[in-house]
Amino acid sequence: MEKFMRLVSMATLLLLLCFPVALASHDYGQALSKSILFFEAQRSGYLPHNQRVSWRANSGLNDGKASGVDLVGGYYDAGDNVKFGLPMAFTVTMMSWSIIEYGKQMGANGELGHAMEAVKWGTDYFIKAHPEPYVLYGEVGDGNTDHYCWQRPEDMSTDRHAYKIDPSNPGSDLAGETAAAMAAASIVFRHSDPVYSNELLTHAHQLFEFADKYRGKYDSSITVAQKYYRSVSGYDDELLWAAAWLYQATNNQYFLSYLGNNGDSMGGTGWAMTEFGWDVKYAGVQTLVAKLLMQGRAGRYASVFQKYQQKAEYFLCSCLGKGSQNVRKTPGGLIFRQRWNNMQFVTSASFLATVYSDYLSSARRSFSCASGNVAPSELLSFAQFQVDYILGDNPRATSYMVGYGNNYPKQVHHRASSIVSYKVDSRFISCRGGYATWFSRKASDPNLLTGALVGGPDAYDDFADERDNYEQTEPATYNNAPLLGILARLHGGYGGYNQLLPVAVPAPTQQKPVSTPKATPAPAWASIPVSIEQRVTTSWNSNGRTYYRYSTAVTNKSNKTLKDLKLTISKIYGPLWGLKKYGSFYSFPAWINSLPSGKSLEFVYIHSASAADVSVSNYYLA
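Residues numbered from 1 in each chain as written. Predicted model: local features only at pLDDT ≥ 70, side-chain atom pairs only at ≥ 80, totals over all residues. Heavy atoms only, no water.

Another point: the nonpolar core. By size, the foremost hydrophobic cluster in this structure holds 159 residues, and its most contacted members are Trp97, Trp241, Trp245 and Phe305. With 12 residues, helix α2 (residues 85-108) is the single largest residue contributor to this core. If you look at the next biggest cluster of nonpolar residues, it comprises 19 residues, including Tyr550, Tyr586, Phe588 and Ala612. (Core = buried A, V, L, I, M, F, W, Y, C linked by side-chain atoms within 4.5 Å. Buried < 20%, exposed > 50% of the residue type's maximum accessible area, 1.4 Å probe, protein only. Helix = DSSP H or I, 4+ residues; strand = E, 2+ residues; numbered from the N terminus.)

Pairing between sheet strands relies on hydrogen bonds along the backbone, with the strands arranged either parallel or antiparallel. Pairing within the open sheet is antiparallel, and its 3 strands lie in the order β2-β3-β4. The open sheet has two edge strands with one neighbour each: β2 (83-84) and β4 (162-165). Sitting on the sheet, helix α5 (residues 172-188) touches β3 (136-140) and β4, and the angle it makes with β3 is about 100°. (Pairing = 2+ DSSP bridges. Contact = heavy atoms within 4.5 Å. Axes fitted to C-alpha atoms, helices over the stretch in contact; angles between N-to-C directions.)

This part is about the state of the cysteines. This structure, assessed with the given rule, holds 2 disulfides. With its sulfur 1.9 Å from that of its partner, Cys149 forms a disulfide with Cys431. Negative torsions about the S-S bond denote left-handed disulfides, and the value of about -85° found for Cys149 with Cys431 makes this one left-handed. Linking Cys149 in the loop between α4 (143-148) and β4 with Cys431 in the loop between α15 (415-418) and α16 (433-439), this pair joins segments that are 282 residues apart in sequence. Owing to a relative accessible area of 6%, Cys149 belongs among the buried residues under this scheme. On the basis of relative accessibility, which here comes to 15%, the residue Cys431 falls in the buried class. (Disulfide = S-S within 2.5 Å.)

Another point: the sheet that holds strand β9 (residues 545-556). Within the open sheet, the 4 strands sit side by side as β8-β9-β14-β11. Their pairing is antiparallel. With partners counted over all chains shown, the strands left at the sheet margins are β8 (530-542) and β11 (576-577), one partner each. In this structure, β9 lies alongside strand β14 (residues 600-607), joined through 8 bridges in antiparallel fashion. Directly across from Ser551, in β14, lies its bridge partner Val604.

As annotated in UniProt, the feature "active site" (unreviewed entry) corresponds to His413, Asp465 and Glu474 in the numbering used here. What stands out for the annotated residues spanning 62 residues is how close their C-alpha atoms remain, the widest pair being 10.2 Å apart. Accessibility expressed as a relative area gives 9% for His413, which makes it buried. Excluding residues that lie within four positions of it along the chain, His413 makes contacts with Gly79, Trp150, Phe439, Arg467, Asp468, Tyr470, Thr473, Glu474 and Pro475. There is a polar contact of 2.7 Å between the side chain of His413 and the backbone oxygen of Arg467. Residue placement: Asp465 occurs in the loop between α16 and α17 (470-473). Apart from residues lying up to four places away in sequence, Asp465 is in contact with Tyr408, Pro409, Lys410, Gln411 and Thr473. Within the structure, the side chain of Asp465 is placed 2.7 Å from the backbone nitrogen of Lys410, a separation counted as a polar contact. (UniProt positions renumbered as here; feature names shortened; annotations may be inferred. Polar contact = N/O pair within 3.5 Å; in protein donor to acceptor, adjacent residues only side chain to side chain.)

Turning our attention to the pairing of β14. Each regular strand displays side chains that alternate between the two surfaces of the sheet. With 6 of its 8 residues buried, β14 lies for the most part within the structure. As defined by bridge partners, β11 adjoins β14 across 2 bridges and the pair is classed as antiparallel. Within β14, the position partnered with Trp577 by the bridge is Val604.

Right, let's get into the pairing of β9. In the sheet, β8 pairs with β9 via 12 bridges, with the strands oriented antiparallel. Residue Ile532 lies in a different strand from β9, and its bridge partner there is Val554.

A word on the packing of helix α13 (residues 343-363) against helix α14 (residues 376-390). Their axes nearest at 8 Å, the elements α13 and α14 cross at an angle of 150°. One element, α13, and the other, α14, form an angle in the roughly antiparallel class. At the point where α13 passes α14, the crossing takes the left-handed sense. Facing Met343, Val346, Thr347, Ala349, Ser350, Ala353, Thr354, Tyr356, Ser357, Leu360 and Ser361 of α13, the residues of α14 in contact are Pro376, Ser377, Leu379, Leu380, Phe382, Ala383, Gln386 and Ile390. Residue classes in the contact of α13 with α14 are distributed as 12 nonpolar, 7 polar and no charged. (Parallel < 35°, antiparallel > 145°, perpendicular 65-115°, else oblique. Left-handed = near helix turned anticlockwise from the far one by under 90°. Nonpolar A, V, L, I, M, F, W, Y, C, P; charged D, E, K, R; others polar.)

Before going further, it helps to spend a moment on the packing of aromatic side chains. For the structure on display, the rule yields 35 aromatic pairs. Relative to Tyr258, the ring of Tyr254 has its centre 6.3 Å away and its plane inclined at 50°; by these criteria the two rings are tilted. With Tyr254 and Tyr258 both in helix α10 (residues 253-262) and 4 residues apart, the pair spans about one turn of that helix. When its relative accessible area of 45% is taken as the criterion, Tyr254 is described as partly exposed. Through a chain of ring-to-ring contacts, three or more aromatic side chains come together here, namely Phe90, Trp97, Trp241, Trp245, Phe276 and Phe351. Above the plane of the ring of Tyr408 lies Lys410, whose end atom (NZ or CZ) is 4.1 Å from the centre. (Phe/Tyr/Trp six-rings, centres within 6.5 Å; stacked < 30°, edge-to-face > 60°. Lys NZ or Arg CZ within 6 Å of the ring centre and 35° of its normal.)

Pairing between side chains of opposite charge can happen when their charged atoms approach one another. Counted according to the given criterion, the structure contains 23 salt bridges. In this structure, Asp70 and Lys128 form a salt bridge, with 3.3 Å as the shortest nitrogen-oxygen distance. One end of the pair, Asp70, is in the loop between α1 (28-41) and β2; the other, Lys128, is in helix α3 (residues 112-129), and 58 residues separate them in sequence. On the basis of relative accessibility, which here comes to 30%, the residue Lys128 falls in the partly exposed class. Close ionic contact of Asp219 with Lys217 constitutes a salt bridge, the shortest N to O distance being 3.6 Å. The class of Asp219 is buried, set by a relative accessible area of 2%. The partly exposed category is assigned to Lys217, whose relative accessible area is 24%. When salt bridges that share partners are traced, they join Glu40, Arg43 and Arg52 into one network. (Salt bridge = Lys/Arg side-chain N within 4 Å of Asp/Glu carboxyl O.)

Our next topic: the confidence of the model for the chain. Predicted confidence across the chain gives a mean pLDDT of 90, with 92% of residues reaching 70 or more. Low pLDDT, under 50, characterises residues 1-24; the predicted model gives this stretch 103 contacts beyond four residues in sequence or across chains. (pLDDT = per-residue confidence, 0-100.)

Turning our eyes to something else, we now look at the layout of surface pockets. Considered as a void within the structure, the second largest pocket measures approximately 660 Å³ in volume. As for the second largest pocket, its lining consists of 31 residues, and the residues nearest its centre are Asn251, Gln295, Arg297, Pro502 and Ser610. The set of elements that each furnish at least two residues to the lining of the second largest pocket consists of α2, α9 (236-250), α10 and α11 (282-294). Class assignment for the residues of the lining of the second largest pocket results in 16 nonpolar, 8 polar and 7 charged. (1 Å grid on protein atoms, 1.4 Å probe; cavity = no way out; pocket = protein on both sides within 12 Å on 5 of 7 lines; lining within 4 Å. Points joined across faces, edges and corners; volume = space filled by probe spheres on them.)

Once that is clear, we can look at α9. With 15 residues, α9 extends 21 Å between its outermost C-alpha atoms, agreeing within 8% with the 21 Å of an ideal straight helix rising 1.5 Å per residue. Burial of α9 is extensive: 13 of the 15 residues sit out of reach of the surface. Of the residues trailing α9, Asn251 is marked for its positive phi of about 60°. (Expected span 1.5 Å × (residues − 1).)

The subject of this paragraph is the packing of α3 against helix α6 (residues 194-213). Packing of α3 against α6 leaves a shortest axis separation of 11 Å and a crossing angle of 50°. Looking at the two axes, α3 sits oblique to α6. Crossing hand, α3 versus α6: left-handed. The residues of α6 that touch α3, namely those facing Lys120, Thr123, Asp124 and Ile127, are Tyr196, Glu199, Leu200 and His203. Looking at side-chain class alone, the contact of α3 with α6 contains 3 nonpolar, 2 polar and 3 charged residues.

Put into C-alpha cells, the structure is as follows:
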C-alpha cells in the first residue's frame, strides 16, 4: 500500500522487426482463472447469486447511508476493509486495458465473462460514487481506525464515513483516474452492452471536466488518504491518462489536442520514468500515446507524440537493463523498487512490456536503447520471465500467487481469509478480539484466498510467510489487475493478431469453473466460432480525400451450420453491400439464410476512414 516516484531522463528509437518467442512453462490459463477469482474475494456489498468465492458474505451494506448516498459495492483494496477510490479506479482501468488488448484470448480460455464482471463490479460502484457532475466520493472507511481492528468485512464495526471531492475540495488525480476507468470500461462494454457503455462515457466526460476545471490533489481534500494512498506524483499524469483513454473511447479530437497541447507542460513528454502504478501514470500515458502514433492517429501532433514515445521506450529500456538508468533487480531477476508490496511494480511494468511488444510487432518495428536494439520478442521474454518468477521460478521455488502451484503463502495478511468464514461460524468477531484469536494464530488461513498476488520477496529474494509480515504477505487488487492481460497473452500464444487494428472486445459466452483448467489451449475461436477478417482491396483519391474499399470475410469456424447471425458494425461512414440491415444489426443477405461449417460470406463497404468495428452480437449453431 505505499508508493514512491523516481525520475530519470530519456532514450532513442530505431526500426527493425522480430516476432515474439514461443510460450510455454507454466499453466498461464489456470493462473489467469485464479487471478480473476481473487476479485470476487475483494467484493464489498451484496454478493451476487453467481458468487464463486463461497466463504465470503455480504458486507458494508450501510456504506454512504449517513451521507445520504448509496455507496454499497466496490472493492476492498487489499487485506483491510477500506474502499480507497484512487487505487480502485486504477485497478478497473488496468483490468479494462487487459480486456481491450487480450479479450479474445480471455474468451478462448473461458474467462472473458468473469473478467468483464470484475470490471462491472467496479464501474457500478463508481456510478454510485459520482451522483453529481462535480461530486465524487473517493473513500469509504478510515485506514487508521480500520487498521486498529482485525475483523471480517461481514463483522466490521469501524467507522464507515464517506469522503468526497467537490469544487471546494478538488481532487484532479482521483477524478482523472476514475474518468480513465470509466472511459476504458466503456470500450469493454461497447458491443455487448452499448447502453451501459454510453452511460460510462457520460460519467467519464463529466469526471474529466471536473478534474480539469477544478484542479487540486485529492489527498489535500481527503486527508485521511495521505498515510495510505498519497498522490506523490500530483495530478498532471492523471489528466493526461484520462485524456488518452477518452480519445481511445470516443475518437474525439478534443482529447487528441489535449494530449498534444499539454504534453510538454504536464510532463508527458518530459518525465522519463522507471515506475508505473496507481500513483505514477506517466509511463502508461506514454505507452498509449505511442500506440496512437503507431496507428497513424497522431495527426498534426506527430512530433509531440514522438517525444511521448521516446519516454515510453526509456521506461522499457530501464526495465530490460539496457538504459542509462536501470531498475533495480533481485539476484533472481525480479524487478525491485520498494520493500512494501513490491509486486505491484512488477506486474504493471510487465504489462507495459507485453502490450508494447505487440504494438511493435504489429507496426513491424523495433527500437534502440543505450545498450543496443530491442526487438519485440525481447520485451515479451522479459514479461514472461517476471511472471514465471511470480509463479514459482525463483530461488525459493515459491509461488507468490495464493493457490497456484504447491508452495505458496499460507498466512496471508488479509482479514477475511485469516478469520473463519461467517458462513461457518457467524458469531461476532470483535475489533481487538480478531487480533488475539486470529491475527496471532500461527497456522494456515482457514479460507484460501485463491489468485491473490502478495507483496513478494525482498531485495535479496527472501520471503517470510507470516501474517504480521504485511510488507510481503499482503495482497492488493492493483497487483492482480495488470497480470490479467499478461497471463491471457502468454496463454494465448502468438496468433497473428494485430494490436493496432480497431478494438472489438468479443461478447462473453459460457464460462468455465476455476477448478478445471484446460489441459491444452483452446482454439482462438472457442468462445465465438465466427472469425472476421478485414482487408483493404483498393483506394483512390477524390476531391482531396482518400477513399478505401474494405472487404470483410465472415467465416464459420465451427463444425455446425451457423444460423441467425447478427453483426454489430460501428464507425462506418459510407455504403455497405452484401449484408441486410435489421434495425441496429446486420445479418445474412437475402440470398443466404445460413452458413455451413468452414464456409465464408463476404461483404464490402467504402469510406474514407480506418476499418469499421465489426463484432458478432448473436448466432445459433444447428
